[in-house]
Amino acid sequence: AGSLADYRVLEQLHELDEPTVRTIVEMHVEQLVRALQEAGEPAPPPITVSSLPSGAINAICAKDPVDGSLHIFADAELLTFIQSSAKLVCACLSPVQVGEAAFAPLKIRVGRIHADPRFLKRVVDLFHAVVFTGRARVARPWIPDGMTLVQSVFLTWAMERFAIAHELAHGLDGHLDGDSL
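Numbers given to residues run from 1 along each chain, matching the order in which its sequence is written. Residue-level local features of this predicted model are given only where pLDDT is at least 70; pairs of side-chain atoms are given and counted only at 80 or more, and the full residue set underlies all totals for whole chains, interfaces and linings. Just so you know, side-chain values use all the structure's heavy atoms and leave hydrogens and water out.

A. Structural context of helix α5 (residues 146–173). Under the DSSP-based scheme used, a helix requires at least four consecutive residues in state H or I and a strand at least two consecutive residues in state E, with every element numbered from the N terminus. Multiplying one less than the number of residues by 1.5 Å gives the expected span of a helix. For α5, with 28 residues, the first-to-last C-alpha span of 41 Å sits near the 40 Å given by 1.5 Å per residue. Here the term buried applies to any residue with accessible area under 20% of the maximum for its type, exposed to any over 50%, and partly exposed to those in between, with areas from a 1.4 Å probe on protein chains only. T148, S152, T156, E160, R161, A163, I164, E167, L168, H170 and G171 are the residues of α5 that are buried. Contact partners of the buried residues in α5: α1 (19–38), β1 (47–51), β2 (59–63), β3 (70–74) and α2 (76–93). Two residues or fewer past α5, G174 is found with a positive phi of approximately 75 degrees. Note on definitions: a residue-residue contact is assigned when non-hydrogen atoms from the two residues lie within 4.5 Å.

Laid out in structure tokens, this is it:
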């Protein structure tokens with residue numbers, strides 16, 4: 001697994017491979033495995049990570065029938081959807097006026113942000129991209145302002161971690177076929 005401090009440029013394994021996706025997922029897997037070991041859990045089998053060019057918002061875990069190693073596949077669409085969703089959620093939760101208290105009533109902040117036509121357009125754009133094309137990357141990219149950007153980075157990381165931990169748990173618990181799911 002790669003390391004956050006390891007900035008090597010990964011070679012592309014095949015024409016549809018996305019090395020950046022592999023790097024992000026490897027970082028999460030490495031940190032999750034370290035957390036399991038620190039918690040006294042048995043060492044997991046070897047884990048391989050690949051980008052999965054399915055064109056869907058997807059991640060899966062599979063077990064190699066020969067050596068028992070786990071393989072986690074993640075699609076870039078999943079990471080894009082997570083990042084886009086995190087930005088929208090944080091736009092609702094961040095103070096929207098200069099000087100507004102961080103704990104101003106959520107109802108007021110959400111009402112104000114929902115009245116912003118730019119926010120509504122971003123929500124509709126992501127919804128249409130995912131529902132009608134199945135591809136989050138079709139939605140127009142946007143950079144949130146100030147604290148929303150900072151918060152969205154942390155939420156994106158946590159949401160990615162959850163998705164990868166979920167797939168890793170399937171592999172470690174043996175829930176890899178239709179009967180055990």
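B. Local environment of the packing of α1 against α5. Comment: axis = line fitted to C-alpha atoms, over the contacting stretch for helices; angle = value between 0 and 180 degrees taken between N-to-C directions. Relative orientation of the contacting elements α1 and α5 amounts to 65 degrees, with a least axis distance of 9 Å. α1 and α5 meet at a crossing whose hand is right-handed. Contact residues: I24, V25, M27, H28, V29, Q31, L32 and L36 in α1; W157, E160, R161, I164, A165, L168 and L172 in α5. Looking at side-chain class alone, the contact of α1 with α5 contains eleven nonpolar, two polar and two charged residues. Each crossing gets its hand from how the near helix is turned against the far one by less than a right angle, where anticlockwise is left-handed and clockwise is right-handed. Think of it as three bins: nonpolar holds Ala, Val, Leu, Ile, Met, Phe, Trp, Tyr, Cys and Pro, charged holds Asp, Glu, Lys and Arg, and polar takes everything else, Gly as well.

C. Summary view of the packing of aromatic side chains. We call Phe, Tyr and Trp rings a pair once their centres come within 6.5 Å, taking the six-membered ring for Trp, and we label the pair stacked below 30 degrees between planes, edge-to-face above 60, and tilted otherwise. Summed over the entire model, instances satisfying the criterion amount to zero aromatic pairs. A ring is considered to have a charge above it if a Lys NZ or an Arg CZ atom is located within 6 Å of its centre and within 35 degrees of its normal. Between the NZ or CZ atom of R122 and the centre of the ring of W142, over which it lies, the distance is 4.1 Å.

D. Just the environment of T133, in detail. Mapped onto the elements, T133 comes out in helix α4 (residues 117–133). Accessibility expressed as a relative area gives 42% for T133, which makes it partly exposed. Here the alpha-carbon distance between T133 and A56, two residues 77 residues apart in the chain, equals 9.4 Å. If near-sequence neighbours (up to four positions away) are discounted, T133 is found in contact with H128 and V138. A distance of 2.3 Å separates the side chain of T133 from the backbone oxygen of A129, its partner in a polar contact. Here a polar contact means two N or O atoms within 3.5 Å. Within protein one must be a hydrogen donor candidate and the other an acceptor candidate, and residues neighboring in sequence count only if both atoms are side-chain atoms. A distance of 3.1 Å separates the side chain of T133 from the backbone nitrogen of R135, its partner in a polar contact.

These figures capture arrangement, not role.
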